[in-house]
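# Architecture and fold: a report
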Amino acid sequence: MRINPLIQLMKQMQGKINSSVYASMQGQSSAQHIAFLRQLQKEVKVEESLEVPLNELNVVVFDLETTGFFPDQGNEILSIGAVKVKGGKVRYEECFYSLAQCNAELTPEIKQLTGLKEEDFEGAPELSKVLIDFYEFVKGDVLVAHHASHEKSFLQHFNWKLFRTHFRHRIVDTSFILKIAEPDSNMIRLEDCCEHCGISVNDRHHALGDAKMTAELWSIYVTRIQQQGIKTLRDVYERLSR
C-alpha cells in the first residue's frame, strides 16, 4: 500500500504521533490530511532549540533559487538545496536537492544567474511534493540560510498557498552570526563572506552549491562566537538585542 506523503512527513516529526493515529489517517481526504498537518505544526516546539549548546545543535542549511523576490506577486521557487550540519561539522553526504515544477517562462536574467533553462524542468515534481520531501529531510532541525528573509518569505507563502499551514520552523540567518563575530564587517554577498573566510566559491546561484558554502560559513562562525562566550541560540538573540 502506498502511504500518503503527508503521513510520511508526520512520522518524521519528533515522534509526536503514535502509530494508531497514522492508521486512522489512511483513506481520509487530502483536506483532512492538511487539517491534521496544520494541527501537528502548531504543536511543534521551536523554543527548545534556544537552549541547545551550539556545538551540539543540528541544523539544516538551505537555499532557494526563485524566479524573483516576491512570492505574493507570482514569483516561484525553482529549486531547493540543503545540507545538514551536526555538531558543527558539515555532513556533505547528507544533502537534499530538487528542482520544482515551474510553468513560468524564465527571464534571461534568471537563466544567466542560475544556469537553468525551461527544458531543465521537464518532469520536475510539483512544488507541493518537493516541500514535503524537504520537510521530511529537515525533520525537527533548525533551519539556517544566508540573508534568510528571502527563503522565509517564500516558505511562508507557499506553505499557506499549498497546505493552508503556517510555517513553524525556526530559521537562523547567518548574518546574525557574522554580526556578532565581526561587528565592524559590512560584507553582504555570500561570495564575499566565503572569500573572506577562505571558502572556495563553487556553483554560485545553484541551490545546493549555495547551501554548502553557507554551511561552511556557519560552521566557521559558530566556532568563533563560541570562543566569545556565545553558547546557545538564546545567547545569540540576547547579544543581538543589546
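Since we're looking at a predicted model, the values are computed, not measured. (Residues numbered from 1 in each chain as written. Predicted model: local features only at pLDDT ≥ 70, side-chain atom pairs only at ≥ 80, totals over all residues. Heavy atoms only, no water.)

### Let's talk about the pattern of salt bridges
What the rule picks out here adds up to 11 salt bridges. Put simply, K129 and D133 hold a salt bridge, and the shortest N to O gap is 2.6 Å. Remark: D133 and K129 occur in helix 5 (residues 127–138); sequence separation between them is four residues, near one turn of the helix. For the salt bridge of R189 with E191, the shortest nitrogen-to-oxygen distance reads 3.2 Å. When its relative accessible area of 46% is taken as the criterion, R189 is described as partly exposed. Salt bridges here are not isolated pairs; linked through shared partners, they connect R189, E191, D192, R204 and D210. (Salt bridge = Lys/Arg side-chain N within 4 Å of Asp/Glu carboxyl O. Helix = DSSP H or I, 4+ residues; strand = E, 2+ residues; numbered from the N terminus. Buried < 20%, exposed > 50% of the residue type's maximum accessible area, 1.4 Å probe, protein only.)

### Observations regarding the nonpolar core
Proteins that are soluble and globular tend to have nonpolar side chains buried together. In terms of nonpolar packing, the biggest core is built from 30 residues, with L54, V59, L217, W218, I225 and L233 touching the most fellow members. Mapped by element, the contributors of at least two residues to this core are strand 1 (59–66), strand 2 (77–86), strand 4 (142–145), helix 7 (174–181), helix 8 (190–196), helix 9 (207–226) and helix 10 (233–240). Among the elements that line this core, the one with the most residues is helix 9, at seven residues. The residues contacting L217, other than those within four sequence positions of it, are H146, L178, L190, C193, C194, C197 and I199. Counting 25 residues, the second largest nonpolar core, distinct from the first, contains L64, F134, V138 and F154. (Core = buried A, V, L, I, M, F, W, Y, C linked by side-chain atoms within 4.5 Å. Contact = heavy atoms within 4.5 Å.)

### Details of the packing of aromatic side chains
In this description, an aromatic ring pair is defined by two values, namely the gap between the centres and the angle between the planes. In total, this model carries seven aromatic pairs according to the counting rule given. Summarising the aromatic geometry, the rings of F69 and F70 are spaced 6.4 Å apart at their centres and angled 70° between planes, so their arrangement reads as edge-to-face. When the ring of F176 is compared with that of Y237, the centres are 6.3 Å apart and the planes differ by 75°; the resulting orientation is edge-to-face. Of this pair, F176 sits in helix 7 while Y237 sits in helix 10, placing them 61 residues apart in sequence. Classification of F176 as partly exposed rests on a relative accessible area of 29%. Here a set of aromatic residues connected by ring pairs shows up, and it is made of F62, F96, F134, Y135 and F137. K84 extends its terminal NZ or CZ atom over the ring of F137, reaching a point 4.7 Å from the ring centre. (Phe/Tyr/Trp six-rings, centres within 6.5 Å; stacked < 30°, edge-to-face > 60°. Lys NZ or Arg CZ within 6 Å of the ring centre and 35° of its normal.)

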